[in-house]
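# Residue-level structure breakdown
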Amino acid sequence: MRFVNYAGRLVLLHPDDGGALDGARGLDVERASHGLLPAAPEAAFDRWDEIVDWARGVDASGPYDLILHEPFLASPSPRPRQIFGVGLNYSDHSAETGMAAPELPLIFTKLGTSVTGPGGPIPISTDAVDWEVEVAVVIGRPARHATVDTAWEHVAGLTVAQDISERGIQMRPADTPQFGLGKSLPAFTPLGPALVTADALDDREDLALGCSLNGEERQSSRTSYLIFDVPHLIAYLSGITRLLPGDVILTGTPSGVGLAHDPQRFLRPGDELESWVEGIGSMRHSFVAEEQPREGGS
Ligand code: ZN
């Protein structure tokens, strides 16, 4: 099943409306459950099992009375308490950056203030902002010391992510790079459009993903090429910390980022970026010059 955050409310998508979400039919979870289930997507993950059970019982011929309008779609997990990223998790990407594939997951964290939805403008103020399409995992059941065998039981669903990265900030100082800061500027973690439960995907371990810039394909791969797959990431992270409902794990990006292009190509105002994952959907973002207020005038 597929859910969206529609103008701040959790909405179940009609099972037959699988493609573009503009015009798709939706059912407001709180209203349709007569107030038994929460309206706010950020509150949903604490009760995810109940929501999924309820959604299983919804009659597809019943009243899906919302007709979705894309600009109102927001991040499926709008206020994650923890956001994890994974560096160099596809061997073709580690090769293009000239770095060795890691022996353990290379984890960084992103700030919650960087989360945004699946559309709209992203402000940029430098000439070193790069794209990284990724599959993101949203946690449902809390996880502490999860095993590889049971890890999927902790997943609420999967969504599309961009791990937008300011390479100058990310790579400085050169001997101790600051990944978390360089990837946490405002709106640098777009998520969406839908949150799809793993059982609704043909093969949750092998999803095509990619992105295009101004219509030209830049990244294209499959999650079966991940060095550390979803179960291994959950087992590894939950062995260190407690994963909480609504937490987001960006699983890593394949090759094709602008940093590795010859010549290097970074995002510019006016660029249009489309990011997609098989079975989940597409996000479309435009980039605009950030207005930078200066203290004291000038
Ligand atoms: Zn990334």
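Anything mentioned here points back to the structure above.
Everything numeric in this text was worked out from a predicted model, so none of it was measured.

### Things to note about unusual backbone geometry
Most of the time, phi is negative for any residue but glycine, and the peptide bond is trans. A cis amide bond links Arg172 to the next residue, Pro173, at an omega of -10 degrees. Relative to the helices and strands, Pro173 resides in the loop between helix H5 (167-170) and helix H6 (179-182). Residue Asp262 is joined to Pro263 through a cis peptide bond whose omega torsion reads 0 degrees. Position of Pro263 among the secondary structure elements: in the loop between strand S17 (248-250) and strand S18 (272-277). Within the chain, Ala7 stands out as a residue other than glycine whose phi angle is a positive 50 degrees. Note on Ala7: relative accessible area 54%, which makes it exposed. The phi angle at Asn214 is positive, at roughly 50 degrees, despite the residue not being glycine. Classification of Asn214 as partly exposed rests on a relative accessible area of 43%.

### Side note on the environment of Val129
Mapped onto the elements of the fold, Val129 is located in strand S10 (residues 129-130). Residues contacting Val129, with those up to four places away along its chain left out, are Ile124, Ile164, Ser165, Glu166, Phe188, Phe266 and Leu267.

### A few points about the environment of Lys183
Position of Lys183 among the secondary structure elements: in the loop between H6 and strand S14 (189-196). Residues Lys183 and Ser114, spaced 69 residues apart in sequence, show a C-alpha to C-alpha distance of 8.0 Å. In this structure, Lys183 is in contact with Phe108, Lys110, Ser114, Glu132, Asp163, Ile164, Ser165, Arg167, Gln170, Phe188 and Thr189, ignoring residues within four places of it in sequence.

### Let's talk about helix H3 (residues 48-56)
Of all the residues in H3, the buried ones are Trp48, Ile51, Val52 and Ala55. Down the axis of H3, the buried set is contained in an arc of 95 degrees. They therefore lie on one face. Where H3 is buried, its residues meet strand S1 (2-6), strand S2 (9-13), helix H2 (41-44), strand S12 (155-162) and S14.

### Regarding the pattern of salt bridges
If you walk through the whole model with that rule in mind, you get 22 salt bridges. With a shortest N-O distance of 3.9 Å, Asp199 and Arg56 are connected by a salt bridge. Of this pair, Asp199 sits in the loop between S14 and strand S15 (208-213) while Arg56 sits in helix H3, and the two are 143 residues apart along the sequence. For Asp199, a relative accessible area of 54% gives the class exposed. Salt-bridge contacts for Arg284 lead to Glu70; the nearest nitrogen and oxygen are separated by 3.5 Å. One end of the pair, Arg284, is in strand S19 (residues 281-289); the other, Glu70, is in the loop between strand S4 (66-67) and strand S5 (73-74), with 214 residues separating them in the sequence. By relative accessible area, Arg284 is classed as partly exposed at 42%. The exposure class of Glu70 is partly exposed, given its relative accessible area of 29%.

### What about the pairing of S1?
Among the five residues that make up S1, five are buried, leaving the element largely enclosed by the rest of the structure. With burial as the criterion, each face of S1 is covered, one bearing Arg2, Val4 and Tyr6 and the other bearing Phe3 and Asn5. Strand direction decides the pairing type here: S1 and S14, joined by two bridges, are antiparallel. The residue bridging Arg2 from the neighbouring strand is Val196, located in S14.

Scoring rules and cut-offs
Residues numbered from 1 in each chain as written. Predicted model: local features only at pLDDT ≥ 70, side-chain atom pairs only at ≥ 80, totals over all residues. Heavy atoms only, no water. Helix = DSSP H or I, 4+ residues; strand = E, 2+ residues; numbered from the N terminus. Buried < 20%, exposed > 50% of the residue type's maximum accessible area, 1.4 Å probe, protein only. Contact = heavy atoms within 4.5 Å. Arc of directions from axis to C-beta. Salt bridge = Lys/Arg side-chain N within 4 Å of Asp/Glu carboxyl O. Pairing = 2+ DSSP bridges.

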